[in-house]
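Here is what each chain is made of, one letter per residue.
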Amino acid sequence: MAVELDVFVGNTTIMDEEVYQLWLDGYTVNDAVKVRMAGGVLDECEANQDVLLSDTMDQYRTFQMCERLLQSPAKLANQLLFQIPPHRQTMLIERYYAFDDSFVREVLGKKLSKGTKKDLDDIGAKTGVTLKSCRRQFDNFKRVFKVVEELKGPLVENIRQHFLLSDKLARDYAAIVFFANNRFETGKKKLQYLTFQDFAFCAGQLINNWTVGAVDNMVEDMDVDLDKEFLQELKELKVLITDKDLLDQHKSLVCTALRGKTKAFTEMEANFKNLSRGLVNIATKLTNTKDVRDFFIDLVEKFIEPCRSDRWTSADVKLYLTHYTNSAHILDSFKHQAVWDRYMGVIKSCIFKMYHD
Amino acid sequence: MPGKLKAKIVAGRHLPVMDRASDLTDAFVEVKFGNTTFKTDVFPKSLNPQWNSEWFKFEVDDEDLQDEPLQITVLDHDTYSANDAIGKVYIDIDPLLCTEAASVISGWFPIYDTIHGIRGEINVLVKVELFNDLNRFRQSSCGVKFFCTTSIPRGYRAAMVHGFVEELVVNEDPEYQWIDRIRTPRASNEARQRLISLMSGELQRKIGLKVLEMGGNAVVGYLQCFDLEGESGLVVRAIGTACTLEKHSSGSLVNTHTHPNTAPASNACNSPSKDGKEPVFGEDLPSSSGPPTPFRNLPTSSSSPPPFSPSKPCSRQSSSSDTDLSLTPKTGMGSGGSAGKEAGPLKTLLRQQTQTALEQREFPFFTLTSFPPGFLVHVGGVVSARSVKLLDRIHNPDEPETRDAWWEEIRQEIKSHAKALGCHAVVGYSENTSICEEVCILSASGTATILNPRYMREGCLDIGSTDHRFDDPSPPSCGFCHIPYDELNMPFPAQLTYCYNCRRQKVPDVLFTTIDLPAEAAVTGKGCLIQARLCRLKKKAQGEVNATAISNLLPFMEYELHTQLMNKLKLRSMNALFGLHIQISVGENMLLGLASATGVYLTALPAPGGIQIAGKTSGDLNNEQHIQSIQKRINDTIAKNKELYQINPPELTEEGVGSPIPEPRQRSRLFRSHSESSDEVSELDLSHGKKDAFVLEIDDTDAVEDIHSLLIDASPPTGFYTCNTETMPGIYNWTTAVQMFTSVRVLRLSNANLSNQSLNKIFTDLCENLLKSFYFKLRSNIPCCLCHLNFTVAVPEEELIQVSVTAVAMTFDKDQTQERFITKGGNETEEQLQFPLELCADSSSTNTQTSSKFSGVPENTIVSSRAASVDYGSFADRCSTWLELLRLKAHTIRRGSVKTSRRTQSLAHSVSSLENCSPLTEGRPRSLRSSRSFGGSSVTMVKMTPLSFLPGTRIIKYLGIINMFFIRETTSLREEGGVSGFLHSFIAEVFAMVRAHVAALGGNAVVSYSMKDCVLMENPNKNQAQCLINVSGDAVICVRETDQEPMTSMTNIGQSCTADGAT
């Protein structure tokens, strides 16, 4: 006796959120049945394993049929094949585009190419995410990347509209797209302590302040490419470290302001020139694509690590950077206030976010 | 030129990529009606073309309008090679021909290809301008309304029920034509789809003509079937009930869903016939222009054989069918009995009168399953007939005569069975076939009844009419249970007792019917689905030998199914079956029998005795012990079931006589019986005492197996109820959450040498497991009832068993049930309170005398503990007729369910009803989303249900019948996820196409939906499969009970159109 065929189709498509998650997580039907059994769903309805298997198969089939629509979510709303209430559609889309932070951390900043896709089994093994799930997540990144690549207008809004995602998820995708486009290095050992959310925050800062879109919102790729003019202007900041007077003046202003306000004052005073050189050098080198990629590693090496070795607290960092930024305004001979603010605003918030264990 | 059809092709979306090079499509559309074809321009390089064509106009006869579908083909333009077809849309324009139905068809239709399934959508507008045609000899029947619903549709009242209409058309099956060898599978499938569409159009038109001839204006309970006979042809046949329907005034429409059709009697009667034809039966029939069926004036006696059967050269298999005829047991169950003493002469008069009206009809059959109150006077029992025929012996396969004669024969037999039960009419009538190679089993079944003659004549529905004195004096809650046949001359052995409700007339010990439970029936507790399942092996054989073998097996199968049903009924402590449907399906090496029905405990019928196990050889100690243990298990099961289904009938008589201090409630009941006739009570006691337990004898291993299988049926888990009728007695507070579903399972029997026993086990497990799956899948809908569970079995190939189920899960409000009990207060247990609504209403409607007595009984009786009892008391004086009381009852119910609808609203707003999406809840989430979604959710939600209503809503318009036939074929079965994946997507596609058609008609729901056929053929080795599905239903617009406007509006379509253009 073998069940040759077994289907159940509802006029309103029946989808169990738990099974959907198992499917998204890449469980095979049999594994999903085991998980569900362990979850005690059988006790609910006097069911047995066969019933569970049949139900899981049905649902998996439904999800597979839906997958094509989920890949272009706008279609899901006006397709006729599945009758799914709007709030369920939202849930389906949101979950389909959700990703594992551990997985995205591995591919963040990598080129979304076939080459990377081939490494997915390694990433899967490393992160404990099933290969199937890895593929879905990777394909989602790639799909979103491809679609928004050719669109004008704000990145987050484009993603939200095209993929009908929540604001939060759209922002995360914007970060992924931004990182992939600029190929930021995130995989170095020194950066391992940073989470995806840290990077996503930084990406948001960069998108909002350093891209073309920050000044003009009707250009193609406006939110993906950094503002070339701005990067060029950053070179002007070099004067802060090359001009000896300016450097000393800056230092004394900052020290005066800091004195007595923190325990780490001595370290701050001793390291001022080093740190300032580090930050300004990052700024001046950003015209090189290679250095853009190393932006985060530079921040860690040139600023975060020295501070950490001197045992600065987060509050110390905040205090220091605030005064460091503001004091530059008082420097008479320093003429690049606007660029300085645009640069330091982002650097400040990025470092705040990144300064943790 | 009586009609102008106009069609406009607006746009397409989600088209498939047809040009691999550009990843785009150059689409254009061909619009075809009859022999005229129009084309749109090519819309180059787009997957979302905007054709915005001119109006294509077809000037056609209305005959063609009825027969032909509008055929829309979407193609990909190719400069160098032939244009590739993307897919087709067939639009049945019949709904536009009825003034009361839809006025325009407009919307997105899935583009369907028989090989690839749905490939994008197309937006189409269709209109029809009809010119008045005064030609008396016209061939069309535009304007006759068709309903699949097997009751008087909501919002209408039946001014006249004319009776049975049937028609049958035959054609060569395109799949078996010589040309099929050279054409593509796609061409062959499309030829078949088109042919069936044409044939059903023709069939509907012909039936419409018959209705017009009878003076009616509608067909209710329209049941259309296909017989794929193979070589000998393709048959489309239909039966229905011709009626003259009138629109209700809107007031009486409110909330008829809990108790269907309680209102019609309260309406004034306008002239029912529009064309001035005399619709009275007695006078209608003798007129020369009768329907073409030739045997109108046959003697109706069952003994005289139909004159055609011996003379027809084609019926060479008559030997088999004759054997069958004589052997087929009369499955009539039930009883009736001589009338009470005072009712005798009246009843005779009534019977004579009804008989004259009905007997002049060729077939006094009705496909309806539920009726206006008072329509059914007595129910005799189930009548059925089967006959085995050989398809390769049809003399002239292209003509319908032979099949007509076959059905004629069967119907005559049904009629004579009904007569034997003392009945003059058959209701809940249906016909079906099972075909395997050249053998065909024709079956028909129905419920023998005596009908109220008032419905057969014009002006009959006026309450004050003189006919009223012929009304049966029995109360409506039990009247239909009273035996219609003569007590001294019973057609089958049955134990009669006096009715437990009115105690005036005789009732049988059990009652089997094919109809829905009458709304006014008094029921104790809840009901449940009861199934009998049976497999019988047979030797493979050919031709006549095969047919004889089958017809020899049939009576045994019927007998066994019947025994199983009876046992299971008793095991659940119930005494009546409703909606009984017995299907016998033939395969090459086996026969499958499946009987489904809903068991209930009718208060009027005696309590069923238990089941007693008896060993054949007494003395063996081991054996005795074994028997005792089985007996104990059975007794435990019965006790458990009683509790589960809340069957707690008042044990009136025994206690009344036996116990020294009767409870007040029982005293009042006793009082009532005494007031009517004292000697009846003693008689009743006698019969009650005599009641025997049902004895099962264990004489061999088979019997042991039988008993085991009896006990194997699991009862539904907590929170679930099951039935195959429209609703479950005792549940009224439905929410608007409905989930219709179709499930198909096919089992391959791997072991070649199976015994009947093990086959039975496999088959039973298959059905039971299906039910278990449903419970599990629908667990989020708890508390809910699976209504209209319709099982269909087939043997598609040797060693394959296919079971398809369509049903609807309806959620009800548990809290409110409890609330109701609480408001009733009193110290009664829940079980006892399950039926008070019925009981009060019934007892008060018997006559004024009783009801006033009832309201006078002490506080803690059922009646007075109800909040509504005051009303009854005060109204009692005015209730001179039970009709008025019925209205009163309807009123109370209406009041009750206002609560329900309010509750539903609050539910709809809460997030907890996620799973149970309803169009009602649609508005809010959409508006929330609209800011972020691209096109917005522009698809109208369409609810589907096999029932004739949607709870919590009111049908404001019937838009026409949906009758669709699809073929799907694949040559890449593995790639589509195997045969399960293939069928899963096909069923989803069929649902989608039904929904799209309904939405395009402006509707938002399908009621009385059914999947008539699901024929699946597979060949996994060749990676191929083919499936045919036929579905039907009534497209409707329904509104929330409190609203006036439709739930969703047509503007959606326009929105989606523009929104998509932007994509």
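In what follows, the structure referred to is the one given above.
Keep in mind that what you see is a predicted model, and the values were worked out from it rather than measured. (Residues numbered from 1 in each chain as written. Chains lettered and ligands numbered in written order. Predicted model: local features only at pLDDT ≥ 70, side-chain atom pairs only at ≥ 80, totals over all residues. Heavy atoms only, no water.)

**Q** Please provide a residue-by-residue account of the nonpolar core, values included.
**A** A:Y320, A:Y343, B:L70, B:I122 and B:L602 are the most contacted members of the largest nonpolar core, which totals 251 residues. The element contributing the most residues to this core is helix α22 (residues 978-1000) of chain B, with 14 residues. Setting aside chain neighbours within four positions, we find A:Y320 in contact with A:V254, A:L258, A:M268, A:F272, A:L275, A:F303 and A:W312. Counting residues in each nonpolar core, the second largest holds 34 residues, with B:V382, B:V388, B:C436 and B:I550 among its members. (Core = buried A, V, L, I, M, F, W, Y, C linked by side-chain atoms within 4.5 Å. Buried < 20%, exposed > 50% of the residue type's maximum accessible area, 1.4 Å probe, protein only. Helix = DSSP H or I, 4+ residues; strand = E, 2+ residues; numbered from the N terminus. Contact = heavy atoms within 4.5 Å.)

**Q** I'd like a description of the interface of chain B and chain A, backed by residues and values.
**A** Listed per partner, the contact involves 66 residues of chain B and 54 residues of chain A. For the pair chain B and chain A, the summed buried area comes to about 5400 Å², and 59% of that belongs to carbon and sulfur atoms. Counting the contacts that link chain B with chain A gives 5 salt bridges. The salt bridge partner of A:D6 is B:R745, with a shortest N-O separation of 3.0 Å. Across the chain B-chain A interface, the total number found is 23 residue pairs in polar contact (both at pLDDT 80 or more). When residues of the side of chain B that touches chain A are traced back to their parent elements, those giving at least two are β7 (105-113), β8 (117-130), β25 (734-748), α14 (756-777), α21 (919-929), β28 (943-944), α22 and β30 (1005-1019) of chain B. Broken down by element, the residue count for the side of chain B that touches chain A peaks at 13 residues, all from α22(B). Along the lines of polarity and charge, the residues of the side of chain B that touches chain A split into 34 nonpolar, 17 polar and 15 charged. Bridge count between strand β1 (residues 2-10) of chain A and β25(B): 8 bridges; the pairing is antiparallel. For A:V3, the partnering residue across the bridge sits in β25(B) and is B:L747. (Buried area = accessible area lost by both parts, 1.4 Å probe. Salt bridge = Lys/Arg side-chain N within 4 Å of Asp/Glu carboxyl O. Polar contact = N/O pair within 3.5 Å; in protein donor to acceptor, adjacent residues only side chain to side chain. Nonpolar A, V, L, I, M, F, W, Y, C, P; charged D, E, K, R; others polar. Pairing = 2+ DSSP bridges.)

**Q** If you had to explain the side chain of B:E989 to someone new, which residues and values would you point to?
**A** Topologically, B:E989 is positioned in helix α22. For B:E989, a relative accessible area of 5% puts it in the buried group. Apart from the residues within four sequence positions on either side, B:E989 is in contact with A:L81, B:Y112, B:H116, B:G117, B:I118 and B:R968.

**Q** Can you explain the packing of aromatic side chains? Please cite residues and give values.
**A** Residue and element names in this part refer to chain A. Applying the stated rule across the entire model yields 55 aromatic pairs over all chains. Centroid distance Y96 to Y97: 5.5 Å. Interplanar angle 75°. Geometry classified as edge-to-face. With relative accessibility at 0%, the residue Y97 sits in the buried group. Geometrically, the ring pair formed by F178 and F184 is tilted, given 5.7 Å between the ring centres and 40° between the ring planes. Among the residues examined, F184 registers a relative accessible area of 2% and is labelled buried. For K318, the ring lying beneath its charged end belongs to F352, and the centroid distance is 5.3 Å. Across the ring face of F201, the terminal group of K353 is positioned such that the distance to the ring centre comes to 5.3 Å. (Phe/Tyr/Trp six-rings, centres within 6.5 Å; stacked < 30°, edge-to-face > 60°. Lys NZ or Arg CZ within 6 Å of the ring centre and 35° of its normal.)

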